[in-house]
Amino acid sequence: MAKETPLSSRAYSKRRLIFFTAGILTALCTVATQFQVITGSRDVDESAHVQAKFRAAVYAHAAFIPRDKTPVSRSQALENMEINLRVFRKQAAEAHKQNVQILVFPEDGIYGMIFNRETIYPYLEYMPDPSIETWIPCKDPKRYNETEVQRSLSCMALENGLYLVANIGDKQPCDPQTDPKCPGDGRYQYNTNVAYAPDGTFLAKYHKYNLFFEDQFDTPEASYVYFDTPFGRFGLMTCFDVLFKEPAIPLVEDYNVTNIVFPTAWMDALPLLPAIGFHSSFARTHHVNFLSANIHLPSFRFDGTGLYAPDGAIGFHYGRGDEGLSPKLVVGEMEVLGEAETRAAIASDHAAAARLDTSEIRIDDYSAPFQSELFGDMYTFRTLDKPASKIGTCQGRLCCELEYAIQADTFSDNELFAIGAFDGLHVLEGTYYMQNCALVKCAEAMNKSSCGSLVFNSSTVFTKIALRGQFQTPYVYPQVILSDSEGHLQISKPGAWHFTGSTIETSHSFNGTVLNAILLGRDYTRDDASVGGNSGLHLVVLFLVLISGLLGIKLIT
């Protein structure tokens with residue numbers, strides 16, 4: 001269950017993903033609001049962990065997306081949602097067959113997307129507060145009206161004997177005459193994660209705080225929501241939340257969360273923010289298990305689902321190639337992480353970063369610096385012009401250094417790599433502060449201005465990468481993305497490389513066709529709290545992208 005306690009108000013920031021090339025414009029943004037804390041109660045004695053591992057699953061779901069231009073009836077909304085719920089039931093049964101103990105479904109996986117405030121309403125359900133009442137919807141379906149979806153999810157958990165996390169819409173009544181924040185239609189509408197116990201009990205609900213241009217939903221008081229199991233404490237976040245301090249950082253630093261359950265509808269944004277790269281980097285940096293379930297519509301760039309441990313990927317699904325185009329239940333065995341162990345690992349990484357001697361960072365003269373755009377920001381790059389060397393680049397207060405080696409027979413003029421540095425306030429559709437070191441493959445071998453552009457394939461085999469940076473923040477997120485000549489993206493198995501606070505270093509046996517390696521630093525204290533962005537325009541673009549894909553039309557952007 002979850003119970004509420006207050007927290008002081010703060011301003012927040014906004015952010016966006018960009019839809020790259022091939023007719024797809026990707027954008028990421030966030031909404032600034034004030035926040036309040038929700039903490040969870042202990043349904044299970046955490047000291048009573050009796051198992052060293054647990055079985056987890058995340059489902060990459062090819063969601064059915066209704067095309068409602070006007071509000072539909074409740075019965076039609078249920079009929080639409082039932083198309084997705086039938087798939088969920090089948091996957092929950094399959095998870096049960098594989099002895100899964102916790103199963104996570106994606107954001108927007110039940111009702112789809114492209115709604116406004118009125119068209120989403122028939123899909124919403126009233127949800128009671130699980131911190132103050134115990135309810136098993138599967139056994140008590142008539143306690144509240146119009147809770148068919150909650151009953152269905154509760155029954156899935158109960159019938160398959162597992163913890164289940166999904167994403168639906170919550171509606172809460174309010175009175176505009178007594179509540180100055182109450183919308184004029186007399187209700188709050190929230191993008192909501194829900195969690196159910198193996199006996200079907202409604203355990204927790206979490207209202208998404210960092211909305212992604214979601215005009216159909218209200219911005220809630222921020223909350224930290226978790227639930228306890230015999231195999232650890234699980235914190236709830238949704239999609240865009242992972243990029244910001246609230247609620248992510250307090251969950252892992254203040255509330256002893258060692259596992260994150262993460263329903264998401266993430267549009268892939270190489271090279272900086274591919275789902276499999278950035279989501280796995282959160283697990284690395286915070287030494288937690290990260291269970292990420294994403295919508296799986298690769299033709300629209302919704303892609304990348306996985307189970308990520310502190311030392312690498314347990315399993316993931318990425319949608320390029322014939323096999324990748326299909327939905328998939330990703331199942332894996334994960335370590336039960338102890339609070340003390342996690343805190344000690346984080347402290348060790350922070351100490352290692354603090355000890356970095358920036359005076360040793362070397363800037364070779366053989367490669368002249370140049371500027372090129374990556375994710376809307378101008379980076380200072382230097383190209384890798386030798387098969388092996390140590391090279392550095394600086395921008396602002398940040399210096400980055402790369403020591404590398406490339407397998408001789410794959411080093412050629414046909415592929416160009418560069419190391420770039422960015423230190424500054426990101427300002428496109430929201431403002432937030434980053435310090436990034438980025439090793440990237442350039443889209444065109446003879447065009448330096450293509451360094452930072454979208455590219456999927458690589459034939460260059462690296463045998464060594466040691467990337468480090470001089471960061472002014474302890475929150476540095478590392479990722480190494482591999483690929484091949486066909487553009488099949490991969491992330492390394494556990495042990496292929498190590499991260500210590502501000503350094504990525506590959507193992508002695510490392511041998512991979514690298515697409516990029518990123519150290520993404522987030523200085524949350526320097527984020528600009530201003531609110532901006534044109535959410536209406538974003539929704540129009542997203543609608544055109546989805547519909548054009550369904551109709552087989554290519555957009556020119």
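Note that the structure is a prediction, hence the values are computed from the model and not measured. (Residues numbered from 1 in each chain as written. Predicted model: local features only at pLDDT ≥ 70, side-chain atom pairs only at ≥ 80, totals over all residues. Heavy atoms only, no water.)

**Observations regarding the overall build of the chain**
This is how the line gets drawn: Strands here are runs of E lasting at least two residues and helices are runs of H or I lasting at least four, both read from the DSSP assignment and numbered beginning at the N terminus. In this analysis, two residues are considered to be in contact whenever any of their non-hydrogen atoms come within 4.5 Å of each other. Where accessible areas are quoted, they stem from the Shrake-Rupley method and a 1.4 Å probe; at the residue level, only the protein chains shown are allowed to cover.
Across its full length, the chain holds seven helices and 26 strands. Here the analysis covers contacts within the chain between residues at least 6 apart in sequence; of these, 73% occur between residues at least 24 apart. With an accessible surface of roughly 20300 Å², the chain has 51% of that area assigned to carbon and sulfur atoms.

**Looking at the sheet that holds strand β4 (residues 102-104)**
The following threshold applies: Pairing between strands is defined by DSSP: at least two bridges between the two strands are required. Axis geometry follows a simple rule: fit a line to the C-alpha atoms, using only the stretch in contact for helices, then measure angles between N-to-C directions, giving values from 0 to 180 degrees.
Spatially, the six strands line up as an open sheet ordered β7-β6-β5-β4-β3-β14, and their pairing is mixed. The sheet is open, and its two edges are formed by β7 (202-207) and β14 (328-335), each paired on a single side. Strand-to-strand twist in this sheet, taken as the mean axis angle between neighbours without regard to direction, amounts to 30°. Sheet strands touched by helix α3 (residues 148-160): β5 (163-173), β6 (187-196) and β7. Its angle to β5, the strand with the most contacts, is close to 160°.

**Quick look at the environment of Ile-136**
The residue Ile-136 is located in the loop between α2 (117-120) and α3 in this model. Linking Ile-136 and Tyr-196, residues 60 residues apart in sequence, is a C-alpha distance of 8.7 Å.

**Re the sheet that holds strand β8 (residues 226-229)**
The strand order across the open sheet built from six strands is β8-β9-β10-β11-β12-β13, with neighbouring strands paired in mixed fashion. Bordering the open sheet on either side are β8 and β13 (312-317), each of which pairs with just one other strand. Sheet twist, expressed as the average angle between the axes of neighbouring strands with direction ignored, equals 15°. By the bridge criterion, six bridges tie strand β10 (residues 259-264) to strand β11 (residues 289-294) in an arrangement that is parallel. The residue bridging Val-261 from the neighbouring strand is Leu-291, located in β11. Each of β10, β11, β12 (305-309) and β13 is contacted by helix α5 (residues 275-286), which is oriented at about 25° to β12, the strand it contacts most.

**Describing the side chain of Ser-458**
Applicable threshold: Polar contact is defined as a pair of N or O atoms within 3.5 Å, subject to the rule that within protein one atom must be able to donate a hydrogen and the other to accept it, and that residues adjacent in sequence are counted only when both atoms are side-chain atoms.
Position of Ser-458 relative to the elements: it lies in the loop between β20 (432-441) and β21 (461-469). Within the structure, Ser-458 has its side chain in polar contact with the backbone nitrogen of Thr-460 (distance 3.4 Å). Polar side-chain contacts of Ser-458 include one of 3.0 Å to the backbone oxygen of Val-514. Ignoring any residue separated from it by four or fewer positions in sequence, one finds Ser-458 in contact with Glu-415, Phe-417, Lys-441, Ser-483, Asp-484, Ser-485, Thr-513, Val-514 and Leu-515.

**Here we look at the state of the cysteines**
As a reminder of what qualifies: For this text, the term disulfide refers to a pair of cysteine sulfurs within 2.5 Å. Burial classification: accessible surface area is computed with a 1.4 Å probe over protein chains only, and a residue below 20% of its type maximum counts as buried, one above 50% as exposed, and the rest as partly exposed.
Evaluated as defined, the whole model comprises five disulfides. In this model Cys-174 forms its disulfide with Cys-182; the gap between the sulfur atoms is 2.0 Å. Judged by the torsion about the S-S bond (75°), the Cys-174/Cys-182 disulfide is right-handed. For Cys-182, a relative accessible area of 8% translates into the label buried. Put simply, Cys-442 and Cys-451 are joined by a disulfide, and their sulfur atoms are 1.9 Å apart. Handedness of the Cys-442-Cys-451 disulfide follows from its S-S torsion of about 85°: it is right-handed. Since its relative accessible area comes to 0%, Cys-451 is described here as buried.

**With respect to the environment of Tyr-524**
Relative to the helices and strands, Tyr-524 is located in the loop between β26 (512-522) and α7 (535-551). Those residues in contact with Tyr-524 that lie beyond four places of it in its chain are Leu-243, Phe-244, Lys-245, Ile-249, Tyr-475 and Tyr-477. Within the structure, Tyr-524 has its side chain in polar contact with the side chain of Tyr-477 (distance 2.7 Å).

**Notes on the pairing of strand β9 (residues 232-236)**
Selection criterion: With the strands pointing away from the viewer, any crossover whose connection runs clockwise from the first strand over the helix to the second is right-handed.
Taking burial as the measure, the five residues of β9 include five buried ones, the bulk of the element. Counting the residues between successive antiparallel strands, the hairpin from β8 to β9 contains two residues. One ladder, built from three bridges, connects β9 with β10; its direction is parallel. From the neighbouring strand, Leu-236 faces β10, where its bridge partner is Val-261. In this fold, the crossover linking β9 to β10 by way of helix α4 (residues 248-254) has right-handed handedness.

**With respect to the pairing of β7**
Where burial is concerned, most of β7 is hidden: six out of the six residues are buried. Here five bridges tie β6 to β7, and the two strands are oriented antiparallel to one another. Residue pairing for β7: Tyr-196 is matched across the bridge by Phe-202. In this antiparallel pair of consecutive strands, β6 and β7, the connection spans five residues, and Gly-200 shows a positive phi of 90°.

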